[in-house]
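Secondary and tertiary structure notes
The lines below spell out each chain.
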Amino acid sequence: MPDSTPEAEGPGPWCTTDGPTPDTHGPGPAPAPPAEPCDLAVIGAGPAGLAGAVAASGLGLSVTLLDGADRPGGQFHRHPDPALGAARPGALHHDWSVFTGLYHRLTSSAVTRLTGHHVWTVVRDGDLWAVHAVTGPDGDGDGDGDGDRDGDSDDGAGDGGRPVCVRARAVLFATGSHERHLPFPGWTLPGVVAAGGAQAMLKSGLVLPGRRVVVAGSGPLLLAVASALAAAGARVPVVVEASAYRAYARVPRALLAAPHKLVEGAAHGAALLRHRVPLRTRSAVTRAHGTDRVEAVTVSRLDRHWRPVPGTGRRIACDALAVGHGLVPQVELALGLGCATRRTPDGTYALVLDGVQATTVPGVFAAGETGGVGGAQLAYTEGELAGVAAAAHLLGRSALVRTARVRELGRRRARLRAFADAMARAHAPGPGWTRWLDDGTDVCRCEEVTAGRVREAVADYGARDARTVKLLTRAGMGWCQGRVCGTAVACLAEAAPGPRQPPSPERRPLAAPVPLGVLAALDTEETGTRDPDPDPDPDPDPDPDDHPSHDTAIATATATADITATTATATADTPAEDSATATDAQACSPPDEQ
Amino acid sequence: MGAAPRAAFEITFDGRPVPALSGQSVAAALWAAGILAWRTTRVGGRPRGAFCGIGQCHDCLATVNGRPNRRACLVPARPGDAVTTQEGHGRAGLDT
């Protein structure tokens with residue numbers, strides 16, 4: 001994707017570029033005039049966002065597409081920088097031609113593309129939505145504007161940390177997902193990496209974490225990761241899958257309805273056969289061994305509830321382990337606007353969406369993984385639906401969603417969703433996985449909180465949900481805001497007996513790290529008046545103390561800005577809150593095979 | 001796959017030269033040199049490096065050109081970058 005369009009990314013009424021984080025690569029020293037609001041802001045340039053932006057633009061909407069990366073494609077179509085000169089960047093990708101086709105339509109459209117823009121919040125702004133982002137490869141950047149007070153070179157190599165506000169009449173969340181992790185002893189050792197992380201580093205940087213890489217966890221991603229690593233030259237001694245793949249056999253209708261998925265799975269299976277990679281199901285890595293890096297793993301058999309079977313542990317030498325247990329929808333921006341969520345068959349929180357991708361908040365749409373993890377095909381389908389629906393909504397032309405094309409997209413969506421639900425059920429973590437933790441295992445990697453301390457919070461202090469555990473132990477309070485440990489902490493807390501309605505762990509008022517200087521530059525008075533209704537959805541258990549609004553977080557952070565390093569990363573410790581309407585699934589519910 | 005990179009250059013890790021390719025992240029260049037850890041944790045002083053690879057987990061924080069808390073998996077490597085192991089929160093100078 002080419003560079004962003006400077007003239008289209010001017011600040012909104014309360015976003016200044018002349019504050020403490022000057023623009024080193026922008027249009028000039030003078031603050032840009034406020035940009036005209038656009039019709040639709042699309043957040044995320046993966047399959048769903050690309051399809052949504054192109055569809056909406058094709059129907060006449062002015063569209064701004066924001067993404068944190070500097071190239072489009074999202075995680076699925078993550079690809080090397082052209083400078084790396086990859087001979088066949090599509091070799092690691094399914095549907096590469098779909099992506100390139102859509103990308104060409106995007107570049108020939110009028111869509112404003114803002115790459116390297118990390119959206120950290122979306123708030124109501126009168127009749128509009130204000131999308132706040134910070135720029136740069138990691139949203140921080142070298143151009144910190146500190147006058148070199150902290151001794152860094154400030155050589156202008158980066159253009160980060162610049163605040164940008166895009167105002168739009170409607171928003172499409174296409175923010176994708178991140179990986180789910182279940183901790184085990186030794187998982188913090190260097191060389192133990194996320195399965196998706198190993199794939200991402202390979203896709204974008206053409207590098208491997210080691211030469212002999214065990215792939216483990218649960219979910220179809222493992223097969224893709226193993227075949228990619230093997231194709232790139234790594235030896236993969238075994239793929240360890242906690243579920244039994246034959247669980248798929250119970251849903252033949254869904255399988256038959258999604259032949260594309262079968263072809264994709266068969267391709268991975270063939271690649272694994274070619275590289276002689278064995279697949280061991282109903283098993284898990286229950287320990288990683290090593291002192292300063294991983295040297296071996298113990299693989300144990302699991303029973304159907306994912307409890308390790310004693311005496312079955314077998315040590316396998318390796319110099320890296322790629323591990324992951326499925327994906328979690330990234331919904332914090334939408335939750336901040338009060339969009340309702342539902343529990344998916346594998347216990348994650350996904351947005352409640354109608355037949356044409358509208359959330360429960362008018363003018364706010366979502367597509368792809370945000371509505372439940374389902375893969376790129378589903379994301380393309382839902383993205384196009386959402387783009388059309390946003391046009392129908394904004395143009396007042398309801399006929400746009402009654403076309404044959406929309407009906408066809410709807411049928412495809414139903415088919416792919418059925419398959420995604422079947423896969424989610426087949427790979428849902430069983431409750432027995434917590435048996436492989438020992439009390440010294442770090443559950444929260446950021447704050448170094450052990451399983452023993454989480455269990456103490458549950459057994460001795462009565463914590464029954466991840467939020468209470470966080471307040472007692474700091475688990476989930478660190479840099480990643482509980483994205484990595486959230487599932488594990490929730491499982492440990494919810495294992496205690498008694499009824500409860502667990503709040504969503506996906507509640508994060510700041511969706512991306514924000515330099516405190518950016519927060520300090522916001523006019524808090526205006527922020528307060530522009531804050532959306534903090535909880536437009538019915539809450540089964542109203543508790544005023546439990547519902548902080550955005551301005552609380554922002555004002556708190558702003559107040560501390562003056563006494564903290566100006567470029568420190570702000571992470572909000574804000575109580576979780578949930579607008580979920582149903583909690584019929586448990587995060588650790590066993591596969592329904594009783 | 002296969003690749004024909006246009007440009008190779010050097011960065012340093014704790015003073016030692018590390019080759020990098022144009023378009024690689026700092027973390028990718030370090031992985032390519034067999035370096036898997038470039039941070040020590042605040043509490044236990046344990047080694048950490050890239051984990052999620054997509055900017056979510058923050059395990060890969062490094063000090064780049066004197067500036068701590070950069071996500072090495074997102075920050076592109078540039079010629080001459082000085083990457084140093086980040087100890088704890090990386091702001092020992094602010095401790096009182």
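In every chain, residue numbers begin from 1 and rise along the written sequence. Note on labels: chains are lettered from A, ligands numbered from 1, in written order. In keeping with the model being predicted, local features are shown solely for residues with a pLDDT of at least 70 and side-chain atom pairs are shown and tallied solely at 80 or more, while totals for entire chains, interfaces and linings include all residues. Side-chain calculation: all heavy atoms of the structure are included, whereas hydrogens and water are not.

The name that an unreviewed UniProt entry assigns to chain A is Oxidase, with the source organism given as Streptomyces longispororuber.

1. Quick notes on the overall build of chain A
Of regular secondary structure, chain A possesses 15 helices and 23 strands. In chain A, which comprises 594 residues, the proportion classed as buried is 61%. For chain A, the accessible surface area stands at approximately 21600 Å², while carbon and sulfur atoms represent 52% of it. In this text, helices come from DSSP runs of H or I with a minimum length of four residues, and strands from runs of E with a minimum of two, each type numbered from the N-terminal end. For every residue, the accessible area obtained with a 1.4 Å probe (protein chains only) is divided by the maximum for its type, and the residue is called buried under 20%, exposed over 50%, and partly exposed between those limits. In these tables, accessible area is a Shrake-Rupley quantity obtained with a 1.4 Å probe, and a residue counts as shielded only by the protein chains included in the view.

2. Considerations on the overall build of chain B
Broken down by element type, chain B carries one helix and eight strands. Along its sequence from the N terminus, chain B presents helices and strands in the succession β-β-α-β-β-β-β-β-β. We compute the radius of gyration from the C-alpha atoms alone; for a globule the expected value is 2.2 Å times N to the 0.38, where N is the number of residues. Compactness check: chain B gives a C-alpha radius of gyration of 13 Å against a globular reference of 12 Å for 96 residues, within 12% of the reference. Dimensions of chain B along its principal axes, counting C-alpha atoms only, are 50 × 25 × 20 Å. Within chain B, the fraction of its 96 residues that count as buried is 53%. Two residues qualify as a contact provided that any one of their heavy atoms is within 4.5 Å of a heavy atom in the partner residue. If you take every contact in chain B between residues at least 6 apart in sequence, the share linking residues at least 24 apart comes to 36%. For chain B, the accessible area works out to roughly 3800 Å², and carbon and sulfur atoms hold 53% of it.

3. Considering the interface of chain A and chain B
Note: interface size is frequently given as the accessible area lost on complex formation between the parts. On the side of chain B, 49 residues touch chain A, which itself brings 64 residues to the contact. Buried surface at the junction of chain A and chain B, both sides included, amounts to about 4600 Å², of which 55% is carbon and sulfur. Buried area is a sum: the accessible area each of two parts loses on coming together, probed at 1.4 Å, counted once for each and added. Looking at the side of chain A facing chain B, the largest losses of area belong to A:Met201, A:Glu448 and A:Trp479, adding up to 16% of the total buried there. Salt bridge, as applied in this entry: a Lys or Arg side-chain nitrogen positioned within 4 Å of an Asp or Glu carboxyl oxygen. Inspection of the chain A/chain B interface yields four salt bridges.

4. Remarks on the nonpolar core
Joining through side-chain atoms within 4.5 Å is the link that ties buried Ala, Val, Leu, Ile, Met, Phe, Trp, Tyr and Cys residues into a set, and such a set is a nonpolar core. In this structure, A:Phe184, A:Val192, A:Val214, A:Val297 and A:Leu321 are the most contacted members of the largest nonpolar core, which totals 55 residues. These domain limits were set by an automatic method or by a database of domain assignments. Formed jointly, this core draws a minimum of three residues from each of two domains, domain 2 (192-324) and domain 3 (433-505 + 578-593) of chain A. Excluding residues that lie within four positions of it along the chain, A:Phe184 makes contacts with A:Val192, A:Val285, A:Thr286, A:Arg287, A:Ala288, A:Leu321, A:Val323, A:Trp436, A:Leu437 and A:Thr441. In this structure, A:Val215, A:Ala226, A:Ala230 and B:Trp31 belong to the second largest nonpolar core, which totals 45 residues.

5. Quick notes on the UniProt feature "domain: BFD-like [2Fe-2S]-binding" (unreviewed entry) in chain A
Look at the UniProt record and you will see "domain: BFD-like [2Fe-2S]-binding" (unreviewed entry) annotated at residues 443-490 of chain A. For residues 443-490 of chain A, the helix share is 46%, the strand share is 8%, and the end-to-end C-alpha distance is 11 Å. UniProt positions are given in the numbering used here, feature names are shortened, and annotations may be inferred rather than shown by experiment.

6. Focus on the pattern of salt bridges
Scanning all chains against the criterion turns up 20 salt bridges over all chains. Between A:Asp438 and A:Arg287 there is a salt bridge; the shortest N-O distance is 3.0 Å. Placement of the pair is A:Asp438 in the loop between α9 (404-427) and β20 (442-444) and A:Arg287 in strand β12 (residues 283-289), with a sequence separation of 151 residues. When salt bridges that share partners are traced, they join A:Asp442, A:Arg445, B:Arg39, B:Arg48 and B:Asp59 into one network.

7. Comments concerning the sheet that holds strand β14 (residues 314-317) of chain A
Two pairing modes exist for strands in a sheet, parallel and antiparallel, and in both the strands are linked by backbone hydrogen bonds. All names here are of chain A. With antiparallel pairing, the three strands of this open sheet are ordered in space as β12-β13-β14. Unpaired on one side and paired on the other, β12 and β14 mark the two borders of the sheet. Taking each pair of neighbouring strands and ignoring which way they run, the sheet shows an average axis angle of 30°. For two strands to pair, DSSP has to find at least two bridges joining them. Note that β12 and strand β13 (residues 296-301) share six bridges and pair antiparallel. Across the sheet, arginine 287 pairs through a bridge with threonine 298, a residue of β13. To obtain each axis, a line is fitted to C-alpha atoms, and for helices this fit is confined to the stretch in contact; angles are then taken between N-to-C directions over 0 to 180 degrees.

8. Some details on the side chain of B:Gln24
Relative to the elements of secondary structure, B:Gln24 occurs in the loop between β2 (16-21) and α1 (26-32). You can call B:Gln24 buried: its relative accessible area is 3%. Those residues in contact with B:Gln24, other than ones at most four positions away along the chain, are A:Leu84, A:Gly205, A:Val207, B:Ala29, B:Pro76 and B:Ala77.

9. A look at the sheet that holds strand β3 (residues 39-40) of chain B
Residues and elements named next belong to chain B. With respect to topology, three strands assemble into an open sheet ordered β4-β3-β8, the strand pairing being mixed. The open sheet has two edge strands, β4 (47-48) and β8 (86-87), and neither has a second partner. Relative to β4, β3 is paired through two bridges, and the arrangement is antiparallel. Residue threonine 40 lies in a different strand from β4, and its bridge partner there is proline 47.

10. Things to note about helix α10 (residues 451-459) of chain A
Residues and elements named next belong to chain A. Among the residues of α10, those classed as buried are Ala451, Val454, Ala457 and Val458. Buried residues of α10, viewed axially, fall in a sector of 125°; they line one side. Those residues of α10 that are buried are in contact with β20, β21 (449-450), α11 (466-473) and α12 (486-494). To be clear, the arc concerns the directions from the helix axis to the C-beta atoms.

11. Some details on the environment of A:Thr341
Residues and elements named next belong to chain A. Along the chain, threonine 341 turns up in strand β17 (residues 341-343). Taking relative accessible area as the criterion, threonine 341 reaches 0% and is therefore assigned buried. The spatial distance from the C-alpha of threonine 341 to the C-alpha of valine 294 is 38 Å, given a sequence separation of 47 residues.

12. Observations regarding the pairing of strand β9 (residues 213-218) of chain A
Residue and element names in this part refer to chain A. In terms of burial, β9 is a largely internal element, six of the six residues being buried. When β9 meets strand β15 (residues 320-325), the two strands line up parallel, connected through six bridges. Residue pairing for β15: alanine 216 is matched across the bridge by valine 323. When β9 meets strand β10 (residues 239-241), the two strands line up parallel, connected through three bridges. Within the sheet, the bridge partner assigned to glycine 217 lies in β10 and is glutamate 241.

13. Some details on the packing of helix α8 (residues 376-395) of chain A against α9(A)
Residue and element names in this part refer to chain A. Viewed as axis vectors pointing N to C, α8 and α9 meet at an angle of 145°, and their least axial separation amounts to 9 Å. With respect to the hand of their crossing, α8 and α9 are arranged in left-handed fashion. Seen from α8, the contacting residues are Gln377, Leu378, Thr381, Glu382, Glu384, Leu385 and Val388; seen from α9, they are Arg405, Val406, Leu409, Gly410, Arg412, Arg413, Leu416 and Arg417. Three classes are used: nonpolar for Ala, Val, Leu, Ile, Met, Phe, Trp, Tyr, Cys and Pro, charged for Asp, Glu, Lys and Arg, and polar for all others, with Gly counted as polar. Across the contact of α8 with α9, the residue classes tally to six nonpolar, three polar and six charged. Handedness of each helix crossing follows the sense of rotation of the near helix against the far helix: counterclockwise by less than a right angle gives left-handed, clockwise gives right-handed.

14. Quick word on the environment of A:Leu471
Residue and element names in this part refer to chain A. Within the element layout of this structure, leucine 471 appears in helix α11. Judged by relative accessible area, which is 46%, leucine 471 ranks as partly exposed. A sequence separation of 14 residues divides leucine 471 from alanine 457, and the C-alpha atoms of the two residues are 9.6 Å apart.

15. Quick notes on unusual backbone geometry
Backbone geometry at A:Trp306 places phi at a positive 70°, although glycine is not the residue there. If you trace the backbone, A:Trp306 turns up in the loop between β13 and β14. Of note, the phi angle at B:Asn65 is positive, near 50°, even though the residue is not glycine. Assignment of secondary structure puts B:Asn65 in the loop between β5 (61-64) and β6 (67-71). The buried category is assigned to B:Asn65, whose relative accessible area is 18%.

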